[in-house]
Amino acid sequence: MQRFAHSARGESKEPTNIRFKKASTSNLQLKIQKRNHSSQTTYCNNNNMKLLTLETYEKEQAIKAAWIGILFWTSLTDAQQEGQWIWESTNTNLYPGYANWAISEPTNADNQDCMYFSSSPVRDWDEFYCSAGCAAICQAIP
């Protein structure tokens, strides 16, 4: 388990990047520093990667097993058209396809246009305000 230093004010000084070496997630890079959706997308793009897509249950479970208890932005958004969810990283519609929304989600309300998920084993997908700060996972997409 990785330990983080704490500042005098009790803030966690987490490393900004962690590369995971497990075969099933080796093309992924974790960005722990919390930023809004747009900033995380830009960070991934600037590093020749794309913000995470979750097209399969297996991929989601591998991420949950690798990084526990972190809220991540994904590239899933309905910012272009409310209720039409698209993986921005691949320009692919969510439906038909794998989805793992929490009960009563998405609500498509209050301009919550970006999807995040928790690596907690008991949490599912949720929509939230794109301006909020979350960690991110960047992935290599050919």
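Overview of the structure.

Conventions we followed
- Residues numbered from 1 in each chain as written.
- Predicted model: local features only at pLDDT ≥ 70, side-chain atom pairs only at ≥ 80, totals over all residues.
- Heavy atoms only, no water.
- Core = buried A, V, L, I, M, F, W, Y, C linked by side-chain atoms within 4.5 Å.
- Buried < 20%, exposed > 50% of the residue type's maximum accessible area, 1.4 Å probe, protein only.
- Helix = DSSP H or I, 4+ residues; strand = E, 2+ residues; numbered from the N terminus.
- Phe/Tyr/Trp six-rings, centres within 6.5 Å; stacked < 30°, edge-to-face > 60°.
- Lys NZ or Arg CZ within 6 Å of the ring centre and 35° of its normal.
- Polar contact = N/O pair within 3.5 Å; in protein donor to acceptor, adjacent residues only side chain to side chain.
- Disulfide = S-S within 2.5 Å.

**Considerations on the nonpolar core**
For step 1, the next point in the chain: Membership of the largest hydrophobic core comes to 20 residues, with the highest contact counts inside it found for I63 and W125.
For step 2, the next point in the chain: Those elements that place two or more of their residues in this core are β4 (28-35), α2 (57-66), β6 (71-77), β9 (114-118) and β11 (134-139).
For step 3, the next point in the chain: Looking at this core element by element, the count peaks at 3 residues for β4.
For step 4, the next point in the chain: Residues C44, M49, C114 and C134 belong to the second largest nonpolar core, which totals 11 residues.

**Thoughts on the environment of K50**
For step 1, the next point in the chain: Looking at the secondary structure, you find K50 in strand β5 (residues 50-51).
For step 2, the next point in the chain: Judged by its relative accessible area of 32%, K50 is partly exposed.
For step 3, the next point in the chain: A sequence separation of 90 residues divides K50 from A140, and the C-alpha atoms of the two residues are 6.4 Å apart.

**Overview of the packing of aromatic side chains**
For step 1, the next point in the chain: Using the criterion set out here, one finds 9 aromatic pairs in the structure.
For step 2, the next point in the chain: Cluster of aromatic residues (ring-pair linked, three or more members): W85, W87, Y98, W101 and W125.
For step 3, the next point in the chain: One cation-aromatic arrangement involves K31 over Y43; the distance from NZ or CZ to the ring centre is 4.2 Å.

**Things to note about the side chain of S119**
For step 1, the next point in the chain: Assignment of secondary structure puts S119 in the loop between β9 and β10 (126-128).
For step 2, the next point in the chain: Classification of S119 by relative accessible area gives buried; the value is 0%.
For step 3, the next point in the chain: At a separation of 2.7 Å, a polar atom in the side chain of S119 contacts the main-chain amide nitrogen of G69.
For step 4, the next point in the chain: For S119, the side chain forms a polar contact with the main-chain nitrogen of I70, separated by 2.8 Å.

**Some thoughts on the state of the cysteines**
For step 1, the next point in the chain: The full count for this structure, using the stated rule, is 2 disulfides.
For step 2, the next point in the chain: With its disulfide-bonded cysteines labelled consecutively along the sequence, the protein is connected as 1-4, 2-3.
For step 3, the next point in the chain: Note on C134: no disulfide assigned, nearest cysteine sulfur contributed by C114 at a separation of 9.4 Å.
For step 4, the next point in the chain: Among the residues examined, C134 registers a relative accessible area of 4% and is labelled buried.

**Overview of unusual backbone geometry**
A negative phi holds for most residues other than glycine; trans holds for most peptide bonds.
For step 1, the next point in the chain: Following Y95, the chain continues to P96 via a peptide bond in cis, the omega torsion being -5°.
For step 2, the next point in the chain: Positionally, P96 belongs in the loop between β8 (92-93) and β9.
For step 3, the next point in the chain: The peptide bond linking E105 to P106 adopts the cis configuration, its omega dihedral lying at -5°.
For step 4, the next point in the chain: Following the sequence through the fold, P106 ends up in the loop between β8 and β9.
For step 5, the next point in the chain: Of note, N91 is a non-glycine position whose phi angle comes to about 55°, a positive value.
For step 6, the next point in the chain: One can find N91 in the loop between β7 (86-87) and β8.
For step 7, the next point in the chain: For D110, which is not glycine, the phi torsion reads 55° and is therefore positive.
For step 8, the next point in the chain: Looking at the element boundaries, D110 is found in the loop between β8 and β9.

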